[in-house]
Amino acid sequence: MPPKKKDAQPNVSAEELKGYYRDMLMIRRFEEKAGQLYGMGLIGGFCHLYIGQEAVVVGLEAAAKEGDKRVTSYRDHGHMLACGMDPKGVMAELTGREGGYSKGKGGSMHMFSKEKHFYGGHGIVAAQVPLGAGLAFADKYKGNDNVTFTYFGDGAANQGQVYETYNMAELWDLPVIFVIENNQYAMGTSTQRSTKSPSYWERGAAYGIPGEEVDGMDVLAVKEAGEKAVAHCRAGKGPYILEIKTYRYRGHSMSDPAKYRTREEVQKMRDERDPIEQIRDLLLTGNHATEDDLKAIDKEIKGIVNESAEFAKESPEPALEELWTDIYATEVPQEA
Ligand SMILES: Cc1ncc(C[n+]2csc(CCOP(=O)(O)OP(=O)(O)O)c2C)c(N)n1
Ligand SMILES: [Mg+2]
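Residues numbered from 1 in each chain as written. Chains lettered and ligands numbered in written order. Predicted model: local features only at pLDDT ≥ 70, side-chain atom pairs only at ≥ 80, totals over all residues. Heavy atoms only, no water.

Colleague: Provide a residue-level description of the nonpolar core, including the pertinent values.
Modeller: One recurring pattern in soluble globular proteins is that nonpolar side chains are buried together. Of all hydrophobic cores here, the largest spans 58 residues; its most connected members are Ile177, Leu242 and Ile279. Among the elements that take part in this core, helix α1 (residues 14-39) stands out by supplying ten residues, more than any other. The residues contacting Leu242, other than those within four sequence positions of it, are Leu60, Ile177, Phe178, Val179, Ile180, Glu212, Val214, Ala225, Gly226 and Ala229. Counting residues in each nonpolar core, the second largest holds 18 residues, with Val129, Ala156, Tyr166 and Phe178 among its members. (Core = buried A, V, L, I, M, F, W, Y, C linked by side-chain atoms within 4.5 Å. Buried < 20%, exposed > 50% of the residue type's maximum accessible area, 1.4 Å probe, protein only. Helix = DSSP H or I, 4+ residues; strand = E, 2+ residues; numbered from the N terminus. Contact = heavy atoms within 4.5 Å.)

Colleague: Hey, could you go over helix α2 (residues 54-61) for me, with residue numbers and the actual values?
Modeller: With eight of eight residues buried, α2 lies mostly within the body of the structure. For α2, the complete set of buried residues consists of Glu54, Ala55, Val56, Val57, Val58, Gly59, Leu60 and Glu61.

Colleague: I'd love a proper account of the packing of α2 against helix α8 (residues 219-234), names of residues and values included.
Modeller: Packing of α2 against α8 brings their axes to within 7 Å, and their N-to-C directions diverge by 45°. By the criterion of interaxial angle, the relationship of α2 to α8 is oblique. Note on packing geometry: the crossing formed by α2 with α8 is right-handed. From α2, Ala55, Val56, Val58, Gly59 and Leu60 reach across to α8, where they touch Val219, Val222, Lys223 and Gly226. (Axes fitted to C-alpha atoms, helices over the stretch in contact; angles between N-to-C directions. Parallel < 35°, antiparallel > 145°, perpendicular 65-115°, else oblique. Left-handed = near helix turned anticlockwise from the far one by under 90°.)

Colleague: Can you explain a nonpolar patch on the surface? Please cite residues and give values.
Modeller: Residues Phe137, Tyr141, Met168, Leu171 and Trp172 make up a contiguous nonpolar surface patch of about 590 Å² in total accessible area. Elements represented by at least two residues in the nonpolar patch include exactly α5 (128-142) and α6 (160-171). Along the chain, the position of Phe137 falls in helix α5. (Patch = residues over 30% accessible without salt bridge, like charges linked within 9 Å, V, L, I, M, F, W, Y side chains within 5 Å. Areas by Shrake-Rupley, 256 points an atom, 1.4 Å probe, with all protein chains shown as cover. Salt bridge = Lys/Arg side-chain N within 4 Å of Asp/Glu carboxyl O.)

Colleague: Outline the side chain of Glu181, listing residues and values.
Modeller: Inspection of the secondary structure puts Glu181 in strand β3 (residues 176-182). We note that Glu181 is buried and unpaired, the nearest opposite charge coming from Arg75 at a distance of 7.2 Å. Contacts of Glu181, omitting those with residues within four sequence positions, involve Tyr50, Gln53, Val56, His79, Tyr151, Phe152, Gly153, Asp154, Ile244 and Thr246. (Lys, Arg positive; Asp, Glu negative; His and termini not counted.)

Colleague: Which residues make up the coordination of the magnesium ion (ligand 2), and what values do they have?
Modeller: Coordination of the magnesium ion (ligand 2) by the protein involves Asp154 (OD), Asn183 (OD1) and Tyr185 (O), with metal-donor separations of 2.1 to 2.2 Å. Residue class for Asn183 comes out buried when judged on its relative accessible area of 5%. (Donors = N, O, S within 2.8 Å, 3.2 Å for Na, K, Ca; no water.)

Colleague: Can you break down unusual backbone geometry residue by residue, with the values?
Modeller: Leaving glycine out, the prevailing phi sign among residues is negative, and the prevailing peptide bond configuration is trans. The backbone of Lys103 sits at a positive phi, close to 55°, despite the residue not being glycine. For Met187, which is not glycine, the phi dihedral falls at a positive 50°. Checked against the element boundaries, Met187 lands in the loop between β4 (185-186) and β5 (189-190).

Colleague: Report on the site of ligand 1, specifying residues and quantitative values.
Modeller: As a matter of local geometry, ligand 1 sits amid 15 residues, with Tyr74, Arg75, Gly155, Ala156 and Asn183 nearest to it. With respect to ligand 1, the side chain of Tyr74 contributes an N or O atom lying 2.7 Å from an oxygen atom. Between ligand 1 and the protein, one listed contact pairs an oxygen atom with a side-chain N or O atom of Asn183 at 2.8 Å. Residues that form the shell around ligand 1 fall into these classes: seven nonpolar, six polar and two charged. (Near = heavy atom within 4 Å. Polar contact = N/O pair within 3.5 Å; in protein donor to acceptor, adjacent residues only side chain to side chain. Nonpolar A, V, L, I, M, F, W, Y, C, P; charged D, E, K, R; others polar.)

Colleague: Help me get a handle on the packing of aromatic side chains, residues and values and all.
Modeller: Overall, the coordinates contain nine aromatic pairs when judged by the stated rule. When the centroid spacing of 5.6 Å and the interplanar angle of 55° are considered together, the rings of Phe137 and Trp172 count as tilted. In this pair, Phe137 is assigned in helix α5 and Trp172 in the loop between α6 and β3, connecting sequence segments 35 residues apart. Arranged with centres 5.9 Å apart and planes meeting at 75°, the rings of Tyr166 and Tyr207 form a pair that is edge-to-face. Taken together, the positions of Tyr166 in helix α6 and Tyr207 in the loop between α7 (191-194) and β6 (211-215) put the pair 41 residues apart, joining distant regions of the chain. Taken together, Phe152, Tyr163, Tyr166, Phe178 and Tyr207 form an aromatic cluster joined through their ring pairs. Its guanidinium or amino end placed over the ring of Phe311, Lys88 lies 5.9 Å from that ring's centre, counting from NZ or CZ. (Phe/Tyr/Trp six-rings, centres within 6.5 Å; stacked < 30°, edge-to-face > 60°. Lys NZ or Arg CZ within 6 Å of the ring centre and 35° of its normal.)

Colleague: Quick rundown of the environment of Gly41? Include the residues and the values.
Modeller: Turning to its location among the elements, Gly41 is positioned in the loop between α1 and α2. As for Gly41 and Ala92, which are separated by 51 residues in sequence, their C-alpha atoms are 14 Å apart.

Colleague: Could you give me a rundown of the pattern of salt bridges, with the residues and numbers involved?
Modeller: If you walk through the whole model with that rule in mind, you get 24 salt bridges. Of the charged contacts, one joins Arg22 and Asp23 as a salt bridge, the two residues approaching to 3.5 Å between their closest N and O atoms. You can call Arg22 partly exposed: its relative accessible area is 25%. Take Asp23: its relative accessible area is 33%, and that puts it in the partly exposed class. For Arg280, the salt bridge identified is with Glu291, shortest N-O distance 2.9 Å. You can see Arg280 sitting in helix α10 (residues 275-285) and its partner Glu291 sitting in helix α11 (residues 291-314), a full eleven residues away along the chain. Residue Glu291 is classed as partly exposed on the basis of its relative accessible area, which comes to 42%.

Listed below in structure tokens is the structure:
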């Protein structure tokens, strides 16, 4: 059956839709390439891919402004690309090379960008949640209207430090958006097996924090919810919780045989809910773009990703002396 003819939503322009398509495709192709480089032995250590979850960061970045901050877990490459970090620097960090964001010394889970206000990449589950509240505290203290997007998973949402953070964030009206990326699994454990009350956002009620559940496979729904959350924070009303229902197509990390779910479950999600296909469909059936327009975007993205992989292969290994640098802060910044 041919897809139903749909119009772009009245408040979304064709250019905007193409932008979301492009940004989500960039993450997808980048991650596929990272998976290949991992398979070739060029990426060592852990590597957690974000494929399937692209609409979450792209939708929320569409609601952000300059000065807003973001902090996340180890499943972090998509967040870096969506906030405008250079794919070359991200890929070269994955291959552990000098040209990487942490000079090849951090790897997949430890990259930062002061310029783009990206505060990591954290390997300890939920550790970034109090850090996110701290970043928001700094903005409130300085009296600006920046917000901090603090991303964490459904597994992390069961950790105690999340609730200590909720309490303080609401007590001090901190401008922090708690983004629960509910991809339905924490490593091999499904939310049904780990969680008594599966509505994570509702737990904010115990602290007086509002929130909502969002369809994380629909970039426009994510953007809309993000705008609402951002407006709440910027108005000085304190934190907000977005529980974004999403799905990861790949294993937890590259070493996951994924025996805890069926192939059919993954395929069904890909076939029926894929966030990139949904926007592609909207663009084509609404006559906002032609097949050729989309092919040109695909080609451009492929070029950028291939270039990043070449850079990541050619950039040298860090020099031995680098072992002794970037260990302690040598100067205290006057103003961040
Ligand atoms: C404190 C802590 N406990 C356990 C681990 C091992 N571990 C790494 S990821 C993970 C699952 C987290 O799942 P979720 O929060 O849903 O994030 P997702 O991987 O789905 O993005 C676990 C238990 C860890 N890194 N840190
Ligand atoms: Mg999860």
